[in-house]
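Tertiary structure, described
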Amino acid sequence: MRPKPNPAYFQLIALGSNLASGSGTSRQTLEKALSSLAQRGVSIRACSRFFSTRAFPPGSGPDFVNAAAVVDCGGGAAGLLAHLHAVEAELGRVRAARWGARTVDLDLIAYGAQVSPDVQTQRYWRELPEKAQQAQAPDQLILPHPRVQDRAFVLVPLMDVAPDWTHPLLGKTVRQMHDALSDAVRAEVIAL
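Report follows, based on the coordinates.

Definitions and limits used
- Counting restarts for each chain: residues are numbered from 1 in the order of the written sequence.
- Only residues with pLDDT of at least 70 are given local features in this predicted model, and only at 80 or more are side-chain atom pairs given and counted; all residues enter the totals for whole chains, interfaces and linings.
- For the side-chain quantities, the full set of heavy atoms in the structure was used; hydrogens and water were omitted.
- Numbering goes from the N terminus for both helices and strands, where a helix is a DSSP run of H or I of at least four residues and a strand is a run of E of at least two.
- Note that the radius of gyration is over C-alpha atoms, with the globule rule given as 2.2 Å times the number of residues to the power 0.38.
- Ring pairs are drawn from Phe, Tyr and Trp, using the six-membered ring of Trp, whenever the two centres fall within 6.5 Å, and their geometry is named by plane angle: stacked under 30 degrees, edge-to-face over 60, tilted for the rest.
- Burial here depends on accessible area, computed with a 1.4 Å probe over protein chains only, as a share of the maximum for the residue type. Under 20% is buried, over 50% is exposed, and the range in between is partly exposed.
- By definition, residues are in contact when any of their heavy atoms lie within 4.5 Å.
- Here the expected length of a helix is defined as 1.5 Å per residue gap, with one fewer gap than residues.
- What the arc covers is the set of directions going from the helix axis to the C-beta atoms.
- Salt bridges are defined as contacts in which a side-chain nitrogen from Lys or Arg sits within 4 Å of a carboxyl oxygen from Asp or Glu.
- In protein, a polar contact requires one atom able to donate a hydrogen and another able to accept it; more generally it is a pair of N or O atoms within 3.5 Å, and residues adjacent in sequence count only if both atoms are side-chain atoms.

1. Here's the deal with the overall build of the chain
Looking only at helices and strands, one finds seven helices and six strands in the chain. Counting from the amino terminus, the chain carries its helices and strands in the arrangement β-α-β-β-β-α-β-α-α-α-α-α-β. Computed over its C-alpha atoms, the radius of gyration of the chain comes to 16 Å, within 12% of the 16 Å expected for a compact globule of 192 residues. The C-alpha extent of the chain, read off along each of the three principal axes, is 40 × 35 × 35 Å.

2. A short note on the packing of aromatic side chains
On inspection of all chains with the given rule, the structure shows one aromatic pair. With 5.2 Å between their ring centres and 90° between their planes, Y124 and W125 make a pair best called edge-to-face. You can call Y124 partly exposed: its relative accessible area is 42%.

3. Structural notes on the environment of M177
By the element assignment, M177 lies in helix α6 (residues 174–180). When neighbours within four sequence positions are excluded, M177 is seen to be in contact with Q149, L155, W165, H167, L170 and K172.

4. Observations concerning helix α1 (residues 26–39)
Spanning 14 residues, α1 covers 20 Å between terminal C-alpha atoms, matching the ideal 20 Å at 1.5 Å per step. What α1 keeps buried is the set S26, T29, L30, A33, L34, S36 and L37. Along the axis of α1, the buried positions cluster into a sector of 165°, meaning they face one direction only. Those residues of α1 that are buried are in contact with β1 (11–17), β2 (43–47), β4 (64–72), α2 (76–90) and β5 (105–111). Among the residues trailing α1, G41 stands out with phi positive, at a value near 95°.

5. Let's talk about the pattern of salt bridges
Scanning the entire structure with this criterion turns up seven salt bridges. Linking R40 and E90 is a salt bridge whose minimum nitrogen-to-oxygen distance equals 3.7 Å. Taken together, the positions of R40 in the loop between α1 and β2 and E90 in helix α2 put the pair 50 residues apart, joining distant regions of the chain. Accessibility expressed as a relative area gives 35% for R40, which makes it partly exposed. The exposure class of E90 is partly exposed, given its relative accessible area of 42%. One salt bridge in this structure joins R54 and E188, with 4.0 Å as the shortest N-O distance. On the criterion of sequence distance, the pair formed by R54 in the loop between β3 (51–53) and β4 and E188 in the loop between α7 (183–187) and β6 (190–191) is long-range, its members being 134 residues apart.

6. Quick look at the side chain of Q149
Relative to the helices and strands, Q149 is located in the loop between α4 (130–135) and α5 (152–161). According to the relative accessible area criterion, Q149 is buried, its value standing at 14%. Within the local environment of Q149, its side chain forms a polar contact with the backbone oxygen of P146, the two atoms lying 2.9 Å apart. Apart from the residues within four sequence positions on either side, Q149 is in contact with R126, L155, H167, L170, M177 and L181.

7. Some remarks on the environment of L155
The topology assignment puts L155 in helix α5. Spatially, the C-alpha atom of L155 lies 12 Å from that of K172, the residues being 17 residues apart in sequence. Once residues lying within four places of it in the same chain are set aside, the contact partners of L155 are V148, Q149, V174, M177, H178 and L181.

What follows is the structure, encoded as structure tokens:
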């Protein structure tokens, strides 16, 4: 019997798509993204179900298909992020507008318990008001993802694969962050 992996070491990614790509529908695009990551040497340890979620902000495009995965990749967080960006480019991702429609979005949510680049910077981006988030983007990797605790479209899929991963600064598990969201917000993330 294999030992249960320690959630403190989980490398977590969120996947999203709301535009078709050369690989097909949004769901097919996410399946292709996972396959492409595996071909690059990123081991897919677990993948959630696929979910439908309304685009945010409202009116910014078609509904998204979302998922989450636990992966294993050598080369550190920067190496994993490079793989994610390469697969996005391969699948036709164009970064035209912040929070706009996209063929694929692969976000590095956490790299174990790593805080990057430092506690103060992570806190700044985590506490940035939503309106400012729409206009500003960090120019460096921020870990854990600064809005993981607010996003049902990330937390609901993460419940399938990493409910016990603990945010290193908030001290809350995925399950606790998920349960802190309102029932109405969680209900907007619908299993396909």
